[in-house]
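Each chain, letter by letter, is given below.
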Amino acid sequence: MQDKFKSTAADTKPWGGRFSEATDAFVEAFTASVEFDQRLAPYDIAGSIAHATMLAKVDVLTEDERDIIIKGLKSIEEEIKLGQFNWSISLEDVHMNIEARLTDSIGITGKKLHTGRSRNDQVATDIRLFLREEIDQISAEINRLQEGLLVLAEREADTIMPGFTHLQTAQPVTFGHHLLAWFEMLSRDYERLQDCRKRVNIMPLGAAALAGTTYPIDREYTAKLLGFDGVCQNSLDAVSDRDFAIEFTASCSLIMTHLSRFSEELVLWASAQFDFVDLPDRFCTGSSIMPQKKNPDVPELVRGKMGRVVGHLMSLITLMKSQPLAYNKDNQEDKEPIFDTIDTVKNCLRAYADMVPAIEPKRDSMKEAAKRGFSTATDLADYLVKKGVAFRDSHEIVGKAVRFGLDSGKDLSEMSLQELQNFSSTIQQDVFDVLTLEGSVAARDHLGGTAPKQVRAAVIRSREKLKAR
Ligand code: ARG
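Residues numbered from 1 in each chain as written. Predicted model: local features only at pLDDT ≥ 70, side-chain atom pairs only at ≥ 80, totals over all residues. Heavy atoms only, no water.

1. Regarding the site of the ligand
- Lining the immediate environment of the ligand, one finds Ser33, Asp93, His95, Arg119, Asn120, Val123, Tyr327, Gln332 and Lys335.
- Asn120 has a polar side-chain atom sitting 2.9 Å from a nitrogen atom of the ligand.
- Within the side chain of Gln332, an N or O atom sits 2.8 Å from a nitrogen atom of the ligand.
- Burial of the ligand by the protein chains amounts to 86% of its free accessible area of 340 Å².
- Among the elements that take part in the shell around the ligand, helix 6 (residues 119-155) stands out by supplying three residues, more than any other.
- Its residues assigned to classes, the shell around the ligand comprises two nonpolar, four polar and three charged. (Near = heavy atom within 4 Å. Polar contact = N/O pair within 3.5 Å; in protein donor to acceptor, adjacent residues only side chain to side chain. Areas by Shrake-Rupley, 256 points an atom, 1.4 Å probe, with all protein chains shown as cover. Helix = DSSP H or I, 4+ residues; strand = E, 2+ residues; numbered from the N terminus. Nonpolar A, V, L, I, M, F, W, Y, C, P; charged D, E, K, R; others polar.)

In structure tokens:
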């Protein structure tokens, strides 16, 4: 335990009245959360200021008392910001540390702040205020990454690469189209977070310990002061609900799932074997032994960090399983998973938003790869269908042509008309229009298709979408 958390003689427990012996030193450290929950301090103070303001409105505090409390809280906020606040482990958590300091600095009026409130509704309120802010920051990072993807997708609307299924060459696609697939995933992530925010932004304060309070509180007023969209409708649920944290972590797990998919592709593409992209040097590292190495550390690390966020989701959902109503100390365990989820997701999104616009596609190499693997075989089959051949027959014909190509080392587009006609006399000179990569992608010209024209239209639609956020 760090020295700054050592108990001082002056610390007395706010709940010490019914106790006849001091807390065991190990238990004190074991049950404390101040080491990590001090991160909630600005939200704890904001919540307390709103609570005091409401108490004065309903005449539980005088206006003078309210003003003294608010002034005291604001100077504590300053102390914390400047790193001058003396956090004490014997005061257990952020809430009691701040309250004790308030009484220390303004005297007995400080003792009135906790009227009509409990740490149970207080902590639930703090986390929601904090999470609301963090959701907004994460959303902004998603937005930034999406903007970068659109710049790249627009620039690479005509760039041809192989599309894959089973990681085997399937059909040619445009690189811009591939990038827009990532964009779509992130759009859903953004929407999920916005939806989650609706349930985060509901205020538990007023539930007190579990049953509500005997004071004539005005919860709607406090909620308005804090920018909440509404108040929790049941006091027992208010202090014990952590669904919002689970939902948030689930949404973040999907963000990380998506980032891990991008990462996997970038790692593959940056290899000598694929050679599709060059990642900027400033996002890579070298090897201490192999001088030629340039490792895609950022995508690799992001891929790896996915696991910890999913781990946090498991922690939180297991934390809530079978918990009886109402508040239980178990819930103190919600904070570290939430905090680490936020830090991890924000850092990963930031790295990606910075890196994506600087990805250098190796266009020639992508195109060469698209030529290998008979990526226009489906185009030949469709060509025959359009000339009256049934699809199953054309599939068979093209299969035989591919077999010939494998044996002779020729792509379909490299075969002579006579060679192709050995498989079907329906094939004519115009076949070569569809056997080119450009012809193949341009032909997929419908909403959601890979044609450069469609990619450009999708970029415009997507920009509108971002603008409307
Ligand atoms: N540190 C506690 C938490 O994080 C605050 C609430 C404590 N409430 C209580 N009755 N012990 O959940």
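Resuming the write-up.
2. Observations concerning a negative patch on the surface
- The grouping of Glu35, Asp330, Glu333 and Glu336 at the surface amounts to a negative patch.
- Following the sequence through the fold, Glu35 ends up in helix 2 (residues 34-37).
- A residue is classified by how much of its surface remains accessible, and Glu35, at 40% relative accessible area, is partly exposed. (Patch = residues over 30% accessible without salt bridge, like charges linked within 9 Å, V, L, I, M, F, W, Y side chains within 5 Å. Salt bridge = Lys/Arg side-chain N within 4 Å of Asp/Glu carboxyl O. Lys, Arg positive; Asp, Glu negative; His and termini not counted. Charge placed at Lys NZ, Arg CZ, Asp CG, Glu CD. Buried < 20%, exposed > 50% of the residue type's maximum accessible area, 1.4 Å probe, protein only.)

3. A closer look at the pattern of salt bridges
- Inspection of the entire model under this criterion finds 41 salt bridges.
- Two residues, Arg199 and Asp195, come together in a salt bridge whose shortest N-O distance is 2.8 Å. Remark: Asp195 and Arg199 occur in helix 7 (residues 175-200); sequence separation between them is four residues, near one turn of the helix.
- Overall, the relative accessible area of 37% leaves Arg199 in the partly exposed class.
- Three or more residues are tied together by salt bridges with common partners; here these are Glu92, Asp93, Arg119 and Lys329.

4. Considering a nonpolar patch on the surface
- Together, Phe26, Val27 and Phe30 line one region of the surface with nonpolar side chains, adding up to about 350 Å² of accessible area.
- Position of Val27 relative to the elements: it lies in helix 1 (residues 25-31).

5. Focus: a positive patch on the surface
- A grouping of Arg188, Arg261, Lys465 and Arg469 is seen on the molecular surface, where their side chains present a positively charged patch.
- Among the secondary structure elements, Arg261 is positioned in helix 10 (residues 243-269).

6. Brief notes about the nonpolar core
- Ranked by internal contacts, the top residues of the largest apolar core, which has 80 residues, are Leu145, Phe248, Leu259, Leu266, Trp269, Val277 and Tyr352.
- A total of 13 residues in this core trace back to one element, the largest contributor, which is helix 6.
- For Leu145, the contacting residues outside a window of four places in its chain are Leu186, Leu259, Leu349, Tyr352, Ala353 and Val356.
- Met54, Ile70, Phe85 and Ile89 belong to the second-largest nonpolar core, a separate cluster that totals 23 residues. (Core = buried A, V, L, I, M, F, W, Y, C linked by side-chain atoms within 4.5 Å. Contact = heavy atoms within 4.5 Å.)

7. Here we look at the packing of helix 3 (residues 41-57) against helix 8 (residues 219-226)
- Axis separation between helix 3 and helix 8 bottoms out at 9 Å; the angle between their running directions is 140°. Between helix 3 and helix 8, the angle is such that the two are oblique. Crossing of helix 3 over helix 8 shows right-handed handedness. The segment helix 3 lies against helix 8, with Ala46, Gly47, Ala50, His51, Thr53, Met54 and Lys57 engaging Tyr221, Thr222, Leu225 and Leu226. (Axes fitted to C-alpha atoms, helices over the stretch in contact; angles between N-to-C directions. Parallel < 35°, antiparallel > 145°, perpendicular 65-115°, else oblique. Left-handed = near helix turned anticlockwise from the far one by under 90°.)

8. Some thoughts on the pairing of strand 1 (residues 160-165)
- Direction of pairing for strand 1 relative to strand 2 (residues 168-174): antiparallel, over a ladder of six bridges. Across the sheet, the residue bridging to Met161 is Val173, located in strand 2.
- Once strand 1 ends, the chain turns through two residues before running back antiparallel as strand 2, passing His166 with a positive phi of about 60°. (Pairing = 2+ DSSP bridges.)

9. Let's talk about unusual backbone geometry
- Here the amide bond leading from Leu325 into Ala326 is cis, since omega sits at 0°, within 30 degrees of zero.
- Locating Ala326 in the fold gives a position in the loop between helix 11 (297-320) and helix 12 (335-355).
- In this structure, Glu92 is a non-glycine residue whose phi angle is positive, near 65°.
- Mapped onto the fold, Glu92 is located in the loop between helix 4 (63-81) and helix 5 (94-106).
- Classification of Glu92 by relative accessible area gives buried; the value is 10%.

On their own, these measurements won't tell you what the molecule is for.
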